[in-house]
Structures are given as C-alpha cells and as structure tokens.
Amino acid sequence: MRVPLSWLREYVDLPATETGRDVQAKLISVGLEVETVEQLGDGLKGPLVVGKVLTIEELEGFKKPIRFCTVDVGQANGTGEPQEIVCGARNFAVGDKVVVVLPGAVLPGDFAIAARKTYGHTSHGMICSGDELGMGDDGSHGIIVLPPEHEVGTDAIELLQLVDEVLDIAVTPDRGYALSIRGVARETATAYGLALRDPALLDVPGPNAFGYPVRVADPMGCDRFTARTVTGLDPEARSPLWLTRRLQKAGMRPISLAVDITNYVMLELGQPLHAYDRSRVQGPIGVRRAEQGEKLVTLDGVTRTLDAQDLVITDDRGPIGLAGVMGGANTEIDDTENTTTEVVVEAAHFDALSISRTARRHKLASEASKRFERGVDPQAASAAAQRTVDLLVLLAGGTADAGVTEVIAPSAPHTIAIPADHPDKVAGVEYGRETVVRRLQEVGCDVYGQDELIVTVPSWRPDLTDPNDLAEEVIRLEGYENLPSTLPKPPAGRGLTDRQRLHRRVGRALAGAGYVEAPNYPFVGEHVFDQFGLAADDPNRKVVKLVNPLSDEEPALRTTLLPGLLGALRRNDGRGSHDLALFETGLVFHPREELKIAVRLPVDRRPTDEEIASLTEALPVQPRHAAVVLTGAREQAGWWGKGRPSDWADAVESARVLAREAGTELIVRGGQYGPWHPGRCAELAVVVEGVEQVIGYAGELHPGVLKTLGLPARTSAMELDLDALELASAGVPKGPKISTFPVATQDVALVVDASVPQADVEGALREGAGELLESIRLFDVYENAAQLGEGKKSLAYALRFRAGDRTLTVDEASAARDAAVALAGSRVGAVLRG
C-alpha cells in the first residue's frame, strides 16, 4: 500500500516538521511494515510553469517528426515574450495548456535544463511529459495537456503536487485495514497520540423503497449490498489534477472520471466499489453462486468459465461481474465513446474465503480481491457509496437519486472475554488494567468490566478473534522494543533427553563412517510405493494427506525416508558425483486409526501432561527413522592400494554402527521386503521387553527398482526405526573395562549348510562360550564343493577369552571353545572343520 504523506495529513494533524522517515519509524514501532519512503520530486528545481501553445511549425527532412513551437509562459521567463521550444511529441495542439520547464531548471534524475540548438533551431526549454517529471503512469505516455482553466505562468510544481513523500507499506494478511488511507491514518494517530478525522463519518440517508432493485440469493456470501444511483452526469467530464495525482502517487493509473472516483474512495476508505452504466444493466441486480460452466467476459476482455463456488453479480441476462474480483465487460462505463450519463454505484461486503478462492481459481488478483480476502469493514459500505455519490455530483455535475438500496444480513458484533491481566501474562510485563483498556479503545474496541473485560471488536478488525489477538494489540502499541530481554531459567537437571542424545550420537557416528547428511522435505507422492514394489496392504501405503500441499505431485507426508534420499542420490549422480554415501535422520508419519481434533493450548502457563497427551493423540504417529543410501566406490583406489566398491554389506554395517551407538544387540538375518533385492536383503531386529521386533531392512536394492527410479546399478540402502532401537537400548553405552590380564585367542572353523545364516552360528557360539568370551569375529567365509561337499560353507571365527580376576589357563580357554562348538553343532548342525 502506497500512502502519500500529503494525503495522510488530511486526517491526522501531524507536526509540520515530521518527515516521511519520522512517520515510518512511528508506524514500524506499532507493527506496520513500512519498507521504504519514496521522495517524489527529489532534486526538482524550477522554473516549471503552465504554458499555452501559440504556434506549431512542422519541421521536415528529419528521421522522425519534429515540431518547432512557441509557447506563452507569461512573465515566468522574465520577458513575457513567447518561449521557443523544439518538441517531438504530437499529442497536443495550438491552444492547449501544457507544462513547460525553462532553462535553469533541474528535473528528477539531476537532469539540468539549458537552451540548446537542435534540428536547426534553438530550444529554450522543454514541453514535459509525465515520465520526465516522475509522475508515474497516466496512461497517455505523452505530453501533459492541462485543463484550460489553469492560468499561464502558474507554478506547475505546486499545481501537479510534484514534491511529496510516499510510504510503501507491506500489508500482512492480518492487517487488511491498512490497505486504506483511513486504516493507516488510524495507526498514525495512535502512534502519535493524536485525534483521527475519520473520512467514513458521513451523513448517509437511510434505505428506502425507491433505490435500484437488488436481490441477494446468498446472504452467507454477501451479507451487505448498498446501491446508489447518480443521473445527469456530464460524459465529457474529466478527473481533476488533484484526483489523478493522488491515484498516481498511490500506484494506480487514471482511467476515467467514474472509475477514478471508485478507485479513489477504495484507497481512501478501504471499501472496493464498482460503477455500472445504468443504461447497460437490464433488470434487478442479483448476487448468487454461479452455475457450473457459465461464461463471463470480465473487464480485461477474457472470457471466463465459472465454477459453481464462484460468487457472481447478475442482471436479467446472467452474470455481469465476478463479485469482489472484477466487473463484467457488458456493463462497464465506456470512456472512449463518452456516452455514460447514469451510473449505479455498488458497495458490498463479500465473504473473504469465497473471494480468495475465486481469485486464485481464475488467477485474477485485483485491488478489490486483495482487500476482500484480507477483510473489509462491512460498516463502511454505506459511507463509501455516499462518498462516491458526492464526488460524482461534485466533479461530473450529476444528481444523486433519492433512492437508497441496502440489503443487510443481520449479525451481532463480535465480543471477546479476556482477563484484564492477560496481556501481562503473555508479555511478561505488568501493564495494568488502565493501560490495557486504553490501548484496546485506541484500536476501536468497546471495553466493559473490571477484572474480566468484555471487549467488542470494531467492524474493521475481523482479525481480532480471541484473547491472544487482543493481547498482541496491547503489546505492539506499548512497543515491542520496550519488552525486556530475559532468558528463561531452566531448573537443574534438565537438558537433552536420552532420545535427543541418541539422535545426535547416531548422526555423528554416520558422519564419522563417511556418510554425508542430506536432509529432505517430508513430502511424498503415493506413486513411489508402486515404484518400490510394496504390497497393496503394506502399512507404509497408509499416508497422512495434506490439505494444502506445496506440490500436487507430493500431497502426502512420508512414511519412509528412502524416496527423498534416493532422489538426492539420483540428482548428485546425474551431476557427476558417482561415489556417494548419504544419510538422513528424520520423522516419518503414520495416520492414527481414530482422528481427533487438537485442543488449543494456553499461553500463560505450561500445558499439563494431560493437555500434551491430548495434543499428541491428535497428531499422526511420528517415529524417527535413520536411513543411508550408497553407490560407487566405498574405498578409493590410490598409491595405497586397490579401492573397493560399496555393496550390501556396507549397508548392513551402517545398521550395526547405529546399534553400537544405542548399546543394543542387533539381530541380522536374511529377509525380503519392498525395494530390496530378495537375495541380498537383511532383516534387522531387536529384542524389546523380551519380544523380538523387526525394526528395518538393509542390503542391495532390486534391479527393477533401480531401473524405474533411474539409479546406478548395485545401489544399496538401509532404513531402521530409531525409536524402536532406543527402546531396546540399555541406555548410554558404557566404556569397556580394561583388564590387566592377558587375552586367550582360539580360532575355530565350522562347516554348516550354505542356507544357515551366519548370525545363527555366531549366536550359538556366543551363548555356548559363556561369560569368559570377550569378543567374537568372523574373519573368513569359504565355499568349495570339492573339499566341503555340495551345499556347504566354512565359517572361521576368532574367539577372544579373558577373565577379570586371573589369567586363563589353556584348558579353561579350550573348554570354553569346545562348549561353544558343541552348542553350535546341536543348534545349527555345525561341524568342526578337519
């Protein structure tokens, strides 16, 4: 919203010494975002005067049309003689009043004017266009032709209001009232502690039966409709300079008198209006929802197919306007033929949500829709219509029709109950009841009560809906800069939870293992589950869908981290990085069986455990997962030796890294799930409270999945549930005890069936060896049908034995090894290799 300071001063008696910068600082202090202060006419220096064109001589022989003119500028040139000026513009004629800049003047942009010889003549100055004077877009892009009543020699700087300051305010969605001079003036008056001259305080006649007929079929979409009629307009009347200049300073282009007046009143009061050529409206004006597929040609000349949710203005022919967005071409005031002598003025209040959706549906943002969707004062409609009528009568010589139409859906004012000390609790500052009441009254509220206040919200503030909104008004008017900066004092013993510590340790461990963290957005498209080959009843297919997704292709929250990670891997591989190891830890989302509505938590105290639990139950289940993806070389080749490509074993090892950080024994066995290769997939499990629970999978991805997703061959991945891993955890891992006694190492090689998992063999050895076993490590896997037999493999383990209180004898170590081998033989059929 562009606000000229000269216009603002009409409604607030600002001190004469206050500059735009001063007003900017004051408005920022009360919460408005004033981005810039534009200095209009900065550096402009006269003489700049009104002149009358006396003669025009067309110069021949040049590449473009050139005119040699004489212009009467009165005594502004010191002689009273006609001023000789060379000009290339052609939109003026002999007798026209124009703006002339004389030698010695300086135009915006430090453009000094001097007499100079050009096209065979000496030009003593310039005949000016609006662009050269920094006036903005007037629609003509040519020389300024002034109305004939202005005297020759008049100072044009003052006449055209060329020197001014314009505040450029970024209006947030909750402050729609600031999209008007009236709203900004109210904030300015409050900031300075001055009185406001409200431009909406007008004497408005009451409704009667003689007004233009209006029928509102949808009172929920349009709760107020005011119609006024003006007849006898002069079709040749043009907008005066003061009106066009204010529109230009506010960033709008003058069009025609009737349209300019409606735009002016909209900027002044914040109420969008529309003027219909009465001769082109057939029958009563109506407001209803459109019929699906109806057509309407809007003022921009585009034929639009309407939706059943669109609110439209109609006459007997059908739609004549898109309510609150843009009027129709079939009832517009034609400024080219100058035939409009009777106008029907519409000032209505429409549902903000309906207007917002219509504007977005048709990709048609307008000044009207921008205001309606942020909230317009419904009580200002009658005043805006009256102001428009008054200006039409004043500037176009019209006559206000006695008929006044007002269709109003009854509604009660919005009231809010708020404890008098509620703003104190929100801000942590003691304001006191008097300050709270005074600040709310400055906003426009009616306040009653002592300890418990009953606040009636003003009609121009639809954003004030609950006590916290009122508290915000008190705090911002008292000054955010006056809030003390204090840090909370946490009680002793508080800090990171065990869950948070585990998440940090996991991230550090994966980074230390050579993985690079690659966070992704938590959104997913359901087609990815088909690409992963998940079964139709797989729990991961049940997703939480967003009401307002950022992308229609990803409308749901993720149930797995792999889509985002694999997408990052694909992008990096496509850009030349082929050796990749990426990881992510983050939340996944699963819908609850029963949908609950979240309660609104208080802000003046800590929520109770029951309130937090209720809020949690209304949210999706959100476990934290960890996942890795890797492809290319795991170890680079160099002078130190050969490199090694990554494979499924690296993905499994990453899961073991996480288990070690959690202090949990991870069960790894063959498995089969979704996107993983059926022969190179490990199922990851832990024991939680005595019950074995599968928490994830690791291994090489299926070739079909890799082809579908465009990923490199032999890409591997791992994903597991970190929260489940934590539940199986023994807490923070404890450092090992260092024994002073020597270790006894025993190696065993066992022959088992090729189908027996290594984890089962290791588990049997660990259990059979007993408490003397310190560690066990698989160091060789050997398969040879000629030596071992068909379908057999040899697993070689290094067993380390140690006692904490003595040196083990050879017999003790051998006995423990034999017990381990015996249990492995009975459990998995292992035979000690000869």
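Whatever comes next refers back to the structure up there.
Residues numbered from 1 in each chain as written. Predicted model: local features only at pLDDT ≥ 70, side-chain atom pairs only at ≥ 80, totals over all residues. Heavy atoms only, no water.

A. Examining the overall build of the protein chain more closely. Secondary structure summary: the protein chain contains 22 helices and 42 strands in total. Since a compact globule built from 834 residues should have a radius of gyration of about 28 Å, the 40 Å found for the protein chain marks it as more spread out than a globular shape. Pairs at least 24 apart in sequence give 70% of the contacts found in the protein chain among residues at least 6 apart. Summed over all atoms, the accessible surface of the protein chain reaches about 41000 Å², with 51% contributed by carbon and sulfur. Here the protein chain contributes 87 positively and 120 negatively charged side chains, and the mean placements of these two sets differ by 5 Å. (Helix = DSSP H or I, 4+ residues; strand = E, 2+ residues; numbered from the N terminus. Rg over C-alpha atoms; globule rule 2.2 N^0.38 Å. Contact = heavy atoms within 4.5 Å. Areas by Shrake-Rupley, 256 points an atom, 1.4 Å probe, with all protein chains shown as cover. Lys, Arg positive; Asp, Glu negative; His and termini not counted. Charge placed at Lys NZ, Arg CZ, Asp CG, Glu CD.)

B. Just the sheet that holds strand E25 (residues 415-419), in detail. Strand order in the open sheet formed by 3 strands is E25-E27-E26, with antiparallel pairing between adjacent strands. Every other strand in the sheet has two partners, leaving E25 and strand E26 (446-448) as the edge strands with one partner each. Each strand of the sheet is rotated relative to its neighbour by a mean of 25 degrees, with strand direction disregarded. One ladder, built from 5 bridges, connects E25 with strand E27 (residues 452-456); its direction is antiparallel. Opposite Ile418, over in E27, you have Leu453 as the bridge partner. (Pairing = 2+ DSSP bridges. Axes fitted to C-alpha atoms, helices over the stretch in contact; angles between N-to-C directions.)

C. Spotlight on the packing of helix H13 (residues 498-512) against helix H17 (residues 648-662). With their axes 9 Å apart at the nearest point, H13 and H17 run at an angle of 140 degrees to one another. Of the possible angle classes, the one that applies to H13 and H17 is oblique. Relative to H17, H13 is oriented so that their crossing is right-handed. Contacts between H13 and H17 involve Leu502, Arg505, Val506, Ala509 and Leu510 from the former and Ser654, Val657, Leu658, Glu661 and Ala662 from the latter. For the contact of H13 with H17, the class distribution of residues is 7 nonpolar, 1 polar and 2 charged. (Parallel < 35°, antiparallel > 145°, perpendicular 65-115°, else oblique. Left-handed = near helix turned anticlockwise from the far one by under 90°. Nonpolar A, V, L, I, M, F, W, Y, C, P; charged D, E, K, R; others polar.)

D. How the structure looks around the environment of Leu133. Along the chain, Leu133 turns up in the loop between strand E11 (126-127) and strand E12 (145-146). Along the sequence, Leu133 and Ile157 sit 24 residues apart, while their C-alpha atoms lie 9.4 Å from each other. Every residue in contact with Leu133, bar those within four places of it in the chain, is listed here: Leu48, Val99, Leu107, Pro108, Cys128, Ile144, Leu160 and Leu162.

E. Structural detail: the sheet that holds strand E35 (residues 667-670). Taken in spatial order, the 7 strands line up as E28-E31-E32-E38-E37-E36-E35 in an open sheet, and their pairing is mixed. Since the sheet does not close on itself, it has two edges, and those belong to strand E28 (516-517) and E35, each with one partner. When strand E32 (residues 624-631) meets strand E38 (residues 716-721), the two strands line up antiparallel, connected through 6 bridges. Bridge pairing links Leu630 to Ser716 in E38. Sitting on the sheet, helix H15 (residues 562-574) is in contact with strand E31 (580-587), E32, strand E36 (676-688), strand E37 (691-701) and E38, with an inclination near 25 degrees to E32. Seen against the sheet, H17 touches E32, E35, E36, E37 and E38 and runs at an angle of roughly 25 degrees to E38.

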